Protein chains: 4
Amino acid sequence: MSNSSPLTGPEVAAHSTRDSCWIIVHGNVYDVTDFLDEHPGGSKIILKYAGKDATEAYEPIHPPDAITTNLPVEKHLGPVDASTVVKVVKEVTEEEKRRQALMDARPPLDNVINLHDFEVVARTVLPEKAWAYYSSASDDEITLRENRMAYQRVWFRPRILRNVDQVDWSTSILGVKSSLPVYISATALGKLGHPDGEICLTRAAAKHGVIQMIATLASCSFDDIIDAAAPGQEFFLQLYVNRDREITRKYVQHAEQRGVKGLFITVDAPQLGRREKDMRMKFVGDDAGAEVQKGHEVKKDQGVARAISSFIDPTLSWKDIPWFRKITRMPIILKGIATAEDAILAYESGVQGIVLSNHGGRQLDTSRSGIEVLVEVVSALRLRGYFPSPNFEIYVDGGVRRASDVLKAIALGAKAVGVGRPFLYAFCAYGQDGVERAIQIFREEFEMNMRLLGARTLDELVPEMVDASALTSHFVSTPQDNLFNSTYQPLVTAKFRESKL
Amino acid sequence: MSNSSPLTGPEVAAHSTRDSCWIIVHGNVYDVTDFLDEHPGGSKIILKYAGKDATEAYEPIHPPDAITTNLPVEKHLGPVDASTVVKVVKEVTEEEKRRQALMDARPPLDNVINLHDFEVVARTVLPEKAWAYYSSASDDEITLRENRMAYQRVWFRPRILRNVDQVDWSTSILGVKSSLPVYISATALGKLGHPDGEICLTRAAAKHGVIQMIATLASCSFDDIIDAAAPGQEFFLQLYVNRDREITRKYVQHAEQRGVKGLFITVDAPQLGRREKDMRMKFVGDDAGAEVQKGHEVKKDQGVARAISSFIDPTLSWKDIPWFRKITRMPIILKGIATAEDAILAYESGVQGIVLSNHGGRQLDTSRSGIEVLVEVVSALRLRGYFPSPNFEIYVDGGVRRASDVLKAIALGAKAVGVGRPFLYAFCAYGQDGVERAIQIFREEFEMNMRLLGARTLDELVPEMVDASALTSHFVSTPQDNLFNSTYQPLVTAKFRESKL
Amino acid sequence: MSNSSPLTGPEVAAHSTRDSCWIIVHGNVYDVTDFLDEHPGGSKIILKYAGKDATEAYEPIHPPDAITTNLPVEKHLGPVDASTVVKVVKEVTEEEKRRQALMDARPPLDNVINLHDFEVVARTVLPEKAWAYYSSASDDEITLRENRMAYQRVWFRPRILRNVDQVDWSTSILGVKSSLPVYISATALGKLGHPDGEICLTRAAAKHGVIQMIATLASCSFDDIIDAAAPGQEFFLQLYVNRDREITRKYVQHAEQRGVKGLFITVDAPQLGRREKDMRMKFVGDDAGAEVQKGHEVKKDQGVARAISSFIDPTLSWKDIPWFRKITRMPIILKGIATAEDAILAYESGVQGIVLSNHGGRQLDTSRSGIEVLVEVVSALRLRGYFPSPNFEIYVDGGVRRASDVLKAIALGAKAVGVGRPFLYAFCAYGQDGVERAIQIFREEFEMNMRLLGARTLDELVPEMVDASALTSHFVSTPQDNLFNSTYQPLVTAKFRESKL
Amino acid sequence: MSNSSPLTGPEVAAHSTRDSCWIIVHGNVYDVTDFLDEHPGGSKIILKYAGKDATEAYEPIHPPDAITTNLPVEKHLGPVDASTVVKVVKEVTEEEKRRQALMDARPPLDNVINLHDFEVVARTVLPEKAWAYYSSASDDEITLRENRMAYQRVWFRPRILRNVDQVDWSTSILGVKSSLPVYISATALGKLGHPDGEICLTRAAAKHGVIQMIATLASCSFDDIIDAAAPGQEFFLQLYVNRDREITRKYVQHAEQRGVKGLFITVDAPQLGRREKDMRMKFVGDDAGAEVQKGHEVKKDQGVARAISSFIDPTLSWKDIPWFRKITRMPIILKGIATAEDAILAYESGVQGIVLSNHGGRQLDTSRSGIEVLVEVVSALRLRGYFPSPNFEIYVDGGVRRASDVLKAIALGAKAVGVGRPFLYAFCAYGQDGVERAIQIFREEFEMNMRLLGARTLDELVPEMVDASALTSHFVSTPQDNLFNSTYQPLVTAKFRESKL
C-alpha cells in the first residue's frame, strides 16, 4: 500500500471505531483494528485516538519501532499528507504551566551536591504519573526503604597514615573498563520524564567512561541508543524474556551483533509487582501505553508497570539457561538473585555473574537488600571455593546514594554496583548535564572516601574495612507507649528573652 | 396470652416504670420487669424504652432471638397493634447526617487496593462507638500493634528461575476446601457497623469459596447465618463457653446438626480485656446492649465488651475438654494458645488443632504475636514428633494485612490464617461487595507473591523461604536525647528558587 | 519569753533586716537572725518575710515542727496578737485563677481509667513549680523514661485453660499484709500539690489495706501522718541519713516506737541529682524552702531538690549498717541497689531486703531500670543460694503504670513493687479520692491480668510466664538518613471524594 | 621599600586589577598579584578588595601573620597613610541588626545549665556561615550524631554505700596537671564566631586549670595565644602536616620552644571531608578566606573547610613518624585512630598516645564513634600487654555533652576526653565567661556523678561500673508500615471539660 499517494486526514478520520480503527504515528497510518485487544495497555487508550494522530501519546512510552515491529506489515497503510490532518490544538494545562514554572526555578546544577538533590528536583518537576511510575515500589515499600537503610548498618573501619596522594577507583566490569565501580542500571520509560529519554544516559556515559545497561523497556529503541554511542562506548543489555522465545532470540542476537558486552537476564520478575503509587494513578485507564514485544492483555487499574510487562514469561527457569548459552556468546548475568542457594545454582549453571538485587524494591516486598544478601552469598561461595573467581562477578544494586555505599559493597565482595533511579532522576531533572553532574559527584566522593579509608585502589578495600555485623539485624521497635509519651514533657534548652525584633 | 387480640400502644405505655416494665421488640410486647437486673447491659438502657418500641436500639447488638430465648415464655405478651403505637420520630442527628455524607463520598470500591483502605473508610463512616468497639484493644494496645509489626520482622528469601506460570494457593482447612489459606475469623456485633451484619460475610464467602467462622457474639443469629448459606457452603463456629454448660451443649449440638465443620473454643478469654477506647465511650451507660446467653451483671462504664461477655465461664479448664469431646463429633480447635507448653498440652489432649492468637490484641497486653509464638510452637512440637501431623493443624491470627503475611505464616508451619477485622471493616464500609473486594485483593496478592517467591503451591513454601531470625526480638529504642535532637539541625536538600507561580 | 503577754505586729515588724530578723509562723514569733545563713533554702527567701507572717510560704515545704525543732528554744519568742498583725492581702494571681478554672474542669474521677490520666490532670492543675519538682529527673531524663520502657521489653507467656474463677493478688511485705503486691513509695513535699499533703495517701491506704512508706521529706510531719492512721494501719519509713547521726537515731527510734514496720534507708542519694526542670524553675531564688533536719548551705539556682537535701550524709557506707542494726529492731531495707554486687553485699550485711531502684530517674542518669537489675540480682543471689530466702525480700520501683508491670516484676522474683509518682499525682489531682481510684484501677487490672495469665495467686507467677530476653538490650537506633527520609514519599490510603459537608 | 614615606589610598587604588593587585591589611600595603592564583580561598575573594582595605574580611579567617608569612618580603609595600584611604562605610545589614538584637536577648549566663544550651545560643546568634562551618559534618552527618548516641548505649552500674564525701576528678594528661579529665580540643577559625577568637579559651583555661589544644587553623596566631597565657599555663598543639615539611618543622620546633607540652598530629584528614551544610553556604564564592600555610588551589563551592585546608599533605604515612621523633622532644600523639589495628601500630611506632576520634564527624561518614572504638582498642592492646602502660595514653573525643559521658570513657580505659564544639559554642555565645561557665557545669556534674557512681577518684572508675554491651550495636529500625501507622489511632488520656477560661 505504500506505493500509492499519501492518505489524507479525512480518510483516516473515517476509521474511528472499534470496527475499523486507524491511527497516525510519526506521519504514517496504521490499521490497528485487530490489534486493539492485544494492546498490553488496553484498547481504550487506542480508541481515544481512533482516526487521529496518536504520536504524542505514543511517543513517551513506546520505542519508535514498536508499532512497526508489532503490527503485520499489511497493516502499515503508508504516509499521511500532514497538511490534511486536523492539528490537535494541544491545550497547555494549568498543571503543565505549573511544571514549566518549576522547571525554570530549578536549583542551578552546581547547587546540586548529592544524589538526593536530583530526586527532590525530579519529584517536583515530573508529571505526577511519571513520578508515580518511577518512584513506586511494591506493597508497603518496605524493601525499597530497607535498600537504603541497610547501608546505614554497615560501618567503616578506616585505616590511617597511608600515603593516599594518588587514589584510583577505576575498575573493569565483565572485562570492560569503567571509570567508576558503578554502572548505570536499567530503568524503563525514560521519555515519561525527559523528551530525550535514555539517550541522556548514553551521552553522559560516553563522556565519563561509564557503562550503560540498556533496558528492554526503554523508551528509546535499542538501536537509537546504540546509534547515539560514542566510538568505543560499551553497553550491557537488560533482558525481560518474552513468552515468544523467537522474539527474545532475535533481540539478543541483534544486541550481540551491535557490540553489547553483557546480557543481564532479569530473573526476579516472572510477574511485575503490585505498585500502589502507580496503581493509584490509574495510569492504564486514561493514557498509558503499549509495549515493544507481543504480550498478553492485562486488566485496567493495575498501573503502567503491569500494562507494559504482560509479555514477560513466568515459565522461565533454570532449564532455559543452556538455550541462552547457545544463542549468544555474550557473558550472561542473572539479575535478581536473592539467596545463597540461587547464587550457587547460578555459579554451577556456568553464567558469568549475578546481580544481587530486589529490583529496586519493586517486586517482592520484605525481600532483603542486595547488600545484605551479598554477605550471605560471598560466604557461601567462598565455602565452596567459588569465590573469588576470575570468571564470575558479583554485583549489587538498590539504595545506593553515596560513593561510600559503593565502597562498602566492594569491601564485602562486589565487583561493581548498579545505580538506577538516581541517574534516571538526574536526567529527568537536568537532562544529560544532570547525569554528568551525578557522575562528577560520585567521583568527588570516591576520591575523598578512598583517601579517608586509606585505600588507594579498589583492591585495597578489604572486608576488614567495614563492620557489617549489624547488617542482618531486622529490628522493628516495639510499639510506643503513647500514653506515657503524651504525658512525658521533654526537656527544653535555655530560653531567649523577648527580643526587640 | 398470645391468643387474645393484639395489645395497643397505650396499654404498653402504661408499663413504663421499674415496677412494671414492658417493651416492644419486632412488633411483640415483652414484660421485662423481672429481667431488668439480669440484663448484662444494665437496667438503665432498658428503662429508657420502658412502655415504648425498643426495636431500633435492640437490633444491632442482639440476635433476633435473644429476647425470646432469654425471657420465660409467660413474659411474651404477644403482638401489638402497630397502628396504635406512637411512632418514635427518630431525629436524624447532625452526626448522622455527617456520616451519611461521608458514606456518599466513599472512595469507589475499585480505588480500594489494599486491606488498609477498608479500615480507613470504616473509621470514617462508622458511628464513633462502633469504631471504638471494633478497633479497641487492651491496655496500651501494644500487642495490637505488635501483631502487625511482627510480620515486618520476617523477611523473604525468594527463589528464582522456577516455572511459576501456574500457581495455586488453595488449600483445605480441617478437611474443608478453601480457595485461600485464609478463613474469616469471628468478630462480634456486626450490625453495629452494617445493617446486614455478618450475613455480608456469609454471602461473600459463599461466592468465593472461603470459610466463615461464626461468632458466638454475632449480631445475626446463628440460624440466620446458616439459613443464608449457599448450597455446600461450609462454616466453623467460635464458642465462648457459658457458665451454664447446658446452654453451651445445646448451642454446640445445634451447630453440629446444622452442618458446622469445626468448633473453635476460645480459651484466652476467661474475662474480656479492659479496652480503653471502648471504655472511654461509656457504651454501657447510655445505649449499650444485652447478650444472647444468660450471664452475670457487670458494672457500668466498662465498655460494650465487658457488658456483653459476663456469661463467659472463667472456670473453663483442661478438665472440660473430654466433655466437649463427648457432646460433639466436630473437630475441636483451641483458639488462643500462646505458648509451646500449652500447644503440647493441646496436642496431647487430643484436639484437632490450635489457633495461635492473642485475640486481636484485645485480651492480655504485651502478649506476643501469633506469628512469633508459631516459631516456638512448631519447634517444640517437632521435637516431640507431634509436627507435622495429619490430625493436628495450626492456625495463627492477628495483624494480617497482606497475602505476604499469610505466606510467611505458612512457610513457618501454619496451615491457614484467620483474618478478622479487615473483613469486618470491609463490610462496614461496603457491605458484601467490600468483602468480595477484600478476597479479590488477597487473590491478586497471593498470585503475585507466590510467583515472586518461586513457590507454585503452598507445599513449596518451606521454612528456608523466610528469615525469621529477628522475630523474637522485642526492642524498645532507648529514650531520645531530646536536648541534642532539638539542637541538631537536619540536612536539607537543594532549594528551588522563588517560582513565578 | 513565753510567759509575757503576746507580741504585737508592729513589734515584729521592727525586726525586718538581716541584722535582726523575726518572722511569724503559725501565730508564733521566731528570731531567725542567726539561722539565716544556715537555712538550706538560702537566706533570701526568709528575708522576704522579715518582720512579717511567713506561714503561707512556710507551710507547703516544711513539716509543722521544722522551725521549733531546728531553732534553739530561746529564739522562740512566743505568740503574737493576731489582731495586731497587718494582714497580707494575698492577691489571687491570673495564674492562680487559671489553675482554679482548670481544677473545676477536671475530668470526673470515673473518667480516669488508668494511672496516666492522673499525671495528665496533675500536670495541668499543679503550680508550675510543683510540677517541675515532682516530674523532674536528672540530666537528660534518660533513666526516667527507660524505667517505663524497660517494662515494654518484657513480654508475657500466658497459660490457658486453668480455672481462674478465683484470683488472689494479696500478699505480705516484710510480714505485713497488703491487699496489693504494691506499696506506696516515698515522695517528698506533698503539700506543694495538695493542701492535705501525704495524709491523702494515709487515708486511702487505710481504706484499701495498702502500706504507705513515709518520706523523710514529707510535707506532713511524721507524727501527723501516724496520728491520721486507722487502727491497725501499718507503715514503712524512708530514711535519708543525716550528717548528725543523733538526729537520725532519734528519728528512727521514734518511728519504731510509733509502730513503723520497716526502715528503708535510701542509699542512692549521697547528693541529690541535678534535675534540670527543677533548676530551670529557679525555685530556691524566690520562694523555696527549708528542711526539718539541720543541714548545710547550698547554692542558689539548684532547684528545690538540692535546697532541701543538704543535710544528707555523703559519708554513709557499709560500715554504718551495724549501727543501724543496733539502734532499731525494725527490718532494715536498703533502697537504691543497682548492681548484683551490691545486692550480694546487702544480703551478706544481714539486712532484710533491698529495693532495686534508681530513685525514679532522679539521681544518676543512664543508670539501669529496677526491672532490668532485678534479673541480674536474682540470678546472682540464686547462684549463691541466697534466693529465694524467707529473710530477704526484693522490691523494685520506677516506671510502673499498669498492674501488668507489677506482675512482670513478681514473675521475675520481686516480692512487691513500689509506686510513687502515680499515687502522688492521684492526690494532687483528686485528693484522697484520687488515691482510692488509683488503687481500684490496680485492683481491676490485677484481676483481669491474673486471669488472662492463668495465675490464680502470686505464687503461680513463675519466671516462665514472661519472656525477658530483650530486657538487657539498650538499643539506640542509628541516626536517620534525613535526606532520604525527606525525599521519600510515604504511601497513602484511598482518598474520599469531596464531601458535600 | 619600607623606608620610603607611606603610600596613599589613591596610589593603592590604582592597583585594582588581576594584572596588578594591591590590598591593605592592618595598615600595610601588599602586592598580591602573583599570589592570586595561589590563594587557597580562590582569587575572586581577593579581587573584591583589589586596591582597597581588606582588613575586615581578612581578619576572622586568617591569623594576623598569615599574609607576612606567605608573601615574599619584596611584596610587602609598607604602610599606607590611613587618612588618605577612603573609608569603606560598612553598612549594617538587616541580618546584622537581627543578630545584634538576639545577642542582647541571650539567656543570662546563669540560666545556662548544660552544654547544649551554649549550642542553642550560638546557633541563634552566629552569622549563618559561621554556624554552617562549625556545625557541619560530612555526608549525611550520621557519624556526627552517632558520636552523641553512642554514649546513650553505655549504661552505668553505680555502687552504693561508699563514703563519697570527698571526690576528686583531677588528673594529669601527658604529665600535665588538669583540673578535669577533659582537655579543650582544637577547633578552627574561632574569630568567625567571636572577635577575640581562641583567646577566650586560653583565658578561661588558665583560670580553671584546664589544658587547651591549639589548632593549626586557629584564627588567632599561635604566638598570640601563647602570649595570652597565664604563668604556668600549659598547652598542646594540634598539627596538620604541610606538604612542605620545612614549614611543619619550623612550626613544631617553634611550639616546643614556646613550651607546648604535646604534639597531636591529625592523621584522619589527608583531605578534608565534604561537609554539605558548609558547601551549601558557598562560602568560598563570596567572602571566604585563606590559610597560613602554603597550599594548593581548590575548586569553588566546596565550602570553607576545603578552601583552608589544601596545604594538608595526603602522603603522610607511618614512615614519617621517625622524622617527627627527630625534630621534637614533645610527646607525640596521633589524633584520629579508628581501629584496633592502627592503635597497635601506633603503640609499636613509639608514640606517646592516641586520640580515638572521627574528627567530630567531619571526615569519613559512618565511621564509628570514639567511645565504641575505645572498647575495641583497649581490648586489643590489653591482649598484647600494651595496656595499661605508663608511656601510652588513650584519649577519645566526639559527642561529649555531659560529665557522665567522660566518666564512661574513663571507666572504659581513656585517660582523658577532648571536648571541642561545646567550648567553641560557649565562647561564641558568651566569650570567655561562657567557657568558664562550661567548665563550672562540668565540675558540678563530675562531683555529682562520681558520688552517685561511688567512685572517689578517677582510678576507682573501673570497667565494671559501666554496661557497654550495647555499644557495638548499630541498629536501624526497619522501615515503618506507613499505611498501618496512618490508620492506627493512638490512645488518648482523659479529657478536661470545657473550661470557663
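Described in the following lines is the structure provided in the data block. Everything quoted here is computed from the prediction, not taken from an experiment. (Residues numbered from 1 in each chain as written. Chains lettered and ligands numbered in written order. Predicted model: local features only at pLDDT ≥ 70, side-chain atom pairs only at ≥ 80, totals over all residues.)

1. As for the packing of helix H9 (residues 199–208) of chain C against helix H19 (residues 421–453) of chain C
Helix packing geometry: the angle between the two helix axes and the distance between the axes.
All names here are of chain C.
Logical step 1: Relative orientation of the contacting elements H9 and H19 amounts to 10°, with a least axis distance of 8 Å. Considered as vectors, H9 and H19 are oriented roughly parallel to each other. Mapping the contact onto sequence places Cys200, Leu201, Arg203, Ala204, Lys207 and His208 in H9 and Phe423, Phe427, Gly431, Gln432, Val435, Glu436 and Ile439 in H19.
Logical step 2: A per-class count over the contact of H9 with H19 returns seven nonpolar, three polar and three charged. (Axes fitted to C-alpha atoms, helices over the stretch in contact; angles between N-to-C directions. Helix = DSSP H or I, 4+ residues; strand = E, 2+ residues; numbered from the N terminus. Parallel < 35°, antiparallel > 145°, perpendicular 65-115°, else oblique. Contact = placed C-beta atoms within 7 Å. Nonpolar A, V, L, I, M, F, W, Y, C, P; charged D, E, K, R; others polar.)

2. A word on the interface of chain D and chain A
Size of an interface: often given as the accessible area lost when the parts come together.
Logical step 1: Counting from both sides, the interface comprises 53 residues of chain D and, opposite them, 50 residues of chain A.
Logical step 2: The set of elements that each furnish at least two residues to the side of chain D that touches chain A consists of helix H5 (94–104), helix H6 (115–125), helix H12 (276–280), strand S11 (332–337) and helix H16 (340–348) of chain D.
Logical step 3: Element by element, the count of residues in the side of chain D that touches chain A is highest for H6(D), at five residues.
Logical step 4: Partitioning the side of chain D that touches chain A into residue classes produces 23 nonpolar, 17 polar and 13 charged.

3. Examining the pairing of strand S10 (residues 263–266) of chain C
All names here are of chain C.
Logical step 1: Burial along S10 is two-sided: the face carrying Leu263 and Ile265 and the face carrying Phe264 and Thr266 are both buried.
Logical step 2: Two elements, strand S9 (residues 235–239) and S10, share three bridges in a ladder whose sense is parallel. Within S10, the position partnered with Leu239 by the bridge is Ile265.
Logical step 3: In this region the chain leaves S9, passes through helix H11 (residues 245–257) and returns to the parallel neighbour S10; the handedness of that crossover is right-handed.
Logical step 4: By the bridge criterion, four bridges tie S10 to strand S11 (residues 332–337) in an arrangement that is parallel. Looking across to S11, one finds that Ile265 is bridged to Leu334. (Buried ≥ 20, exposed ≤ 12 C-beta atoms within 10 Å, placed from the backbone. Pairing = 2+ DSSP bridges. Right-handed = clockwise from strand over helix to strand, strands pointing away.)

4. A word on the nonpolar core
Logical step 1: Counting residues in each nonpolar core, the largest one holds 551 residues, and the members touching the most others are A:Leu374, B:Leu374, C:Leu374 and D:Leu374.
Logical step 2: Look past the residues within four positions of C:Leu374 in its chain and what remains in contact with it is C:Leu356, C:Ile394, C:Val396, C:Ala409, C:Leu412, C:Gly413 and C:Ala414. (Core = buried A, V, L, I, M, F, W, Y, C linked by C-beta atoms within 7 Å.)

5. Let's talk about the interface of chain C and chain B
Logical step 1: Contact residues are listed per partner, giving 50 residues for chain C and 53 residues for chain B.
Logical step 2: When residues of the side of chain C that touches chain B are traced back to their parent elements, those giving at least two are helix H8 (142–152), strand S4 (155–156), H19 and helix H20 (482–487) of chain C.
Logical step 3: At seven residues, the largest contribution of residues to the side of chain C that touches chain B is made by H19(C).
Logical step 4: A class-by-class count of the residues in the side of chain C that touches chain B yields 19 nonpolar, 13 polar and 18 charged.

6. Here's the deal with the relation of the copies chain D and chain A
Logical step 1: Between the two copies, chain D and chain A, the superposition gives an RMSD of 0.1 Å; the rotation angle is 90° and the shift along the axis is 0.1 Å. Here the copies are linked by what is in effect a four-fold axis. Residue D:Ser477 of chain D places its C-alpha closer to the rotation axis than any other residue of that unit, at 4.5 Å.
Logical step 2: A share of only 15% of interface residues in chain D that are also interface residues in chain A marks the association as one of differing surfaces. (Least-squares fit on C-alpha atoms with pLDDT ≥ 70 in both.)

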